[in-house]
Amino acid sequence: MPRKTEFPIVYEDKECLVVVKREKLLTIKTNDPKTFARNLYHQVYEYLLQKRERPFIVHRLDFETSGLLIFAKNHSLKERLQKALEERRVLRLYEGVIRESLPLHQQFQTEMTLIENKNSFRVFKNKNGKQAITLFESRAHLNLGTAMKIQILTGRKNQIRLSCLENGWTLVGDERYAKDKAKRMYLNCYALSFPEDCGLRESSFFLPPLWLGPDDGKPIVLSSPKKGPSRLRGKEG
């Protein structure tokens with residue numbers, strides 16, 4: 001009998017597996033004895049091994065971020081999905097909570113160029129970096145601050161966290177960049193939608209948002225986007 005998985009399965013067929021990554025869990029495998037078996041890839045690998053299948057990583061979520069992740073079960077599908085991501089044809093919706101209180105239904109578009117310092121593993125704003133485009137919409141007021149609907153058009157490491165800083169906002173629980181402490185980092189991926197030509201049997205995946213309230217899982221359509229006061233200064237990577 002297959003053992004109970006350590007992760008919720010949203011969808012599975014012969015070619016892919018869509019799961020929910022919990023917060024404070026690495027996506028990929030490591031050689032560190034402390035985390036070798038304590039990462040999502042290892043858990044998925046052990047689960048698929050029982051069925052003589054193997055996972056191929058398509059994309060990642062930060063250690064502190066929760067939400068939807070898709071694993072391919074063959075190299076061909078992995079390449080098709082990654083190509084769609086690189087071409088910015090995949091809808092990726094997140095939700096986050098910032099400390100600041102914003103008027104509801106305001107929209108923001110943040111464009112930056114980011115680079116990673118391979119020694120510190122931190123990401124910085126740098127004119128020689130890769131383009132990062134993030135859309136925000138303020139959706140609900142909470143005790144902690146404002147719940148934001150977030151859409152990333154590019155998939156850069158720590159992109160959402162740095163885009164919040166660029167707008168002068170404090171992402172709740174972001175200890176690395178915002179120096180904010182909370183029980184968790186309030187960032188969650190709740191919708192993924194791939195183009196039909198990727199060849200998936202099911203191409204759209206959705207989780208009820210944790211903090212936004214009801215959402216239709218549709219893209220943010222900008223009307224008159226605003227830009228907050230920038231407090232993020234460029235640094236060398």
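Since this is a predicted model, take the numbers as computed values, not measurements.

Focus: the overall build of the chain
Then, number 1: A tally of regular secondary structure across the chain gives three helices and eleven strands.
Then, number 2: Listed N to C, the secondary structure of the chain is β-β-α-β-β-α-β-β-β-β-β-α-β-β in terms of helices and strands.
Then, number 3: At a minimum sequence separation of 6, the contacts of the chain that also span at least 24 residues come to 66%.
Then, number 4: Put simply, the chain shows about 12500 Å² of open surface, and 50% of that area lies on carbon and sulfur atoms.

Examining the pairing of strand E6 (residues 107-116)
The side chains of a regular strand alternate, first on one face of the sheet and then on the other.
Then, number 1: In this structure, E6 lies alongside strand E8 (residues 130-141), joined through eight bridges in antiparallel fashion. Among the inter-strand pairings, Thr 110 is bridged to a residue of E8, identified as Thr 134.

Remarks on the pattern of salt bridges
Then, number 1: Across all of its chains, the model carries 17 salt bridges by this definition.
Then, number 2: Here Arg 139 makes a salt bridge to Asp 215, at a shortest N to O gap of 2.7 Å. Taken together, the residues span a long stretch of sequence, with Arg 139 in strand E8 and Asp 215 in the segment after strand E11 (204-206) at a distance of 76 residues.
Then, number 3: Asp 174 is the partner of Arg 161 in a salt bridge, and the nearest nitrogen-oxygen pair spans 3.0 Å. Taken together, the positions of Arg 161 in helix H3 (residues 159-166) and Asp 174 in the loop between H3 and strand E10 (187-193) put the pair 13 residues apart, joining distant regions of the chain.

A look at the confidence of the model for the chain
Then, number 1: Scored by pLDDT, the chain comes out at a mean of 90, with 88% of its residues at no less than 70.
Then, number 2: Confidence drops under pLDDT 50 across residues 232-237; counting only partners more than four residues distant or on other chains, this segment forms 17 contacts.

Points about the packing of aromatic side chains
Then, number 1: Scanning all chains against the criterion turns up seven aromatic pairs.
Then, number 2: Ring geometry for Tyr 41 and Tyr 45: centres 6.2 Å apart, planes at 25°, overall stacked. One end of the pair is Tyr 41 and the other is Tyr 45, both in helix H1 (residues 40-49) and four residues apart, which spans about a single turn.
Then, number 3: We classify Tyr 45 as partly exposed; its relative accessible area is 32%.
Then, number 4: Residues Tyr 190 and Phe 206 carry aromatic rings whose centres are separated by 5.8 Å and whose planes lie at 85° to one another, so their mutual orientation is edge-to-face. Taken together, the positions of Tyr 190 in strand E10 and Phe 206 in strand E11 put the pair 16 residues apart, joining distant regions of the chain.
Then, number 5: Through a chain of ring-to-ring contacts, the aromatic side chains of Phe 108, Phe 136 and Trp 169 assemble into a single cluster.

Observations regarding H1
Then, number 1: Residues of H1 that are buried include every one of Leu 40, Tyr 41, Gln 43, Val 44, Tyr 47 and Leu 48, and no others. Mapping the buried residues of H1 onto a view down its axis gives an arc of 165°, with all of them on the same face.
Then, number 2: Among the structural elements, strand E1 (9-12), strand E2 (16-21), strand E3 (56-57) and strand E4 (66-72) are those in contact with the buried residues of H1.
Then, number 3: Structurally, the start of H1 carries an N-cap: the backbone nitrogen of Tyr 41 is 3.3 Å from a side-chain oxygen of Asn 39.

Brief notes about helix H2 (residues 75-86)
Then, number 1: Taking 1.5 Å per residue, twelve residues should reach 16 Å; H2 reaches 16 Å between its end C-alpha atoms and fits that length.
Then, number 2: Leu 77, Leu 81, Ala 84 and Leu 85 are the residues of H2 that are buried. Taken end-on, H2 shows its buried residues confined to a sector of 105°, consistent with a single buried face.
Then, number 3: Buried-residue contacts for H2 involve E2, E4 and strand E5 (91-98).
Then, number 4: Residue Asn 74 occupies the N-cap position of H2, its side-chain oxygen lying 3.3 Å from the main-chain nitrogen of Ser 76.

Some words on unusual backbone geometry
Then, number 1: Its identity as a non-glycine residue notwithstanding, Arg 52 has a phi of 60°, on the positive side.
Then, number 2: The phi torsion at His 105 lies on the positive side, around 70°, for a residue other than glycine.
Then, number 3: With respect to the helices and strands, His 105 occurs in the loop between E5 and E6.
Then, number 4: Assessed through its relative accessible area of 56%, His 105 is described here as exposed.

Regarding the nonpolar core
Then, number 1: Ile 70 and Phe 194 are the most contacted members of the largest nonpolar core, which totals 58 residues.
Then, number 2: When sequence neighbours within four positions are dropped, the list of residues in contact with Phe 194 reads Ile 70, Leu 81, Val 90, Leu 200, Ser 203 and Phe 205.
Then, number 3: Counting residues in hydrophobic clusters, the runner-up holds eight residues, among them Met 112, Val 123, Leu 162 and Leu 165.

Rules and cut-offs
Residues take numbers from 1 onward in each chain, read along the sequence in its written order. In view of the model being predicted, local features appear only for residues whose pLDDT reaches at least 70, and side-chain atom pairs are presented and counted only at 80 or more, with totals across whole chains, interfaces and linings using the full set of residues. Excluding hydrogens and water, the side-chain figures rest on all heavy atoms present in the structure. Segments assigned H or I by DSSP are reported as helices when at least four residues long, segments assigned E as strands when at least two residues long, and all are numbered from the N terminus. We call two residues contacting when some pair of their heavy atoms lies within 4.5 Å. Here the open area of atoms and residues is found with the Shrake-Rupley method and a 1.4 Å probe, where only the protein chains shown may cover a residue. Note: two strands are recorded as paired if DSSP finds a minimum of 2 bridges between them. Salt bridges are counted wherever a side-chain nitrogen of Lys or Arg sits within 4 Å of a carboxyl oxygen of Asp or Glu. pLDDT gives the predictor's per-residue confidence on a scale running from 0 to 100. Side-chain rings of Phe, Tyr and Trp, where Trp is taken by its six-membered ring, are said to pair if the distance between their centres is within 6.5 Å; with planes under 30 degrees apart they count as stacked, over 60 as edge-to-face, and otherwise as tilted. Exposure classes here rest on a 1.4 Å probe applied to the protein chains alone. A residue is buried below 20% of its type maximum, exposed above 50%, and partly exposed in between. Of all possible arcs, the one meant is that of the directions from the helix axis to the C-beta atoms. As used in this structure description, the phrase polar contact means that two N or O atoms lie within 3.5 Å; if the pair is within protein, one of them must be able to donate a hydrogen and the other to accept it, and residues adjacent in sequence are counted only when both atoms belong to side chains. A helix is expected to span 1.5 Å multiplied by its residue count minus one. Put simply, a nonpolar core is a bunch of buried Ala, Val, Leu, Ile, Met, Phe, Trp, Tyr and Cys residues held in one set by side-chain atoms that sit within 4.5 Å of each other.

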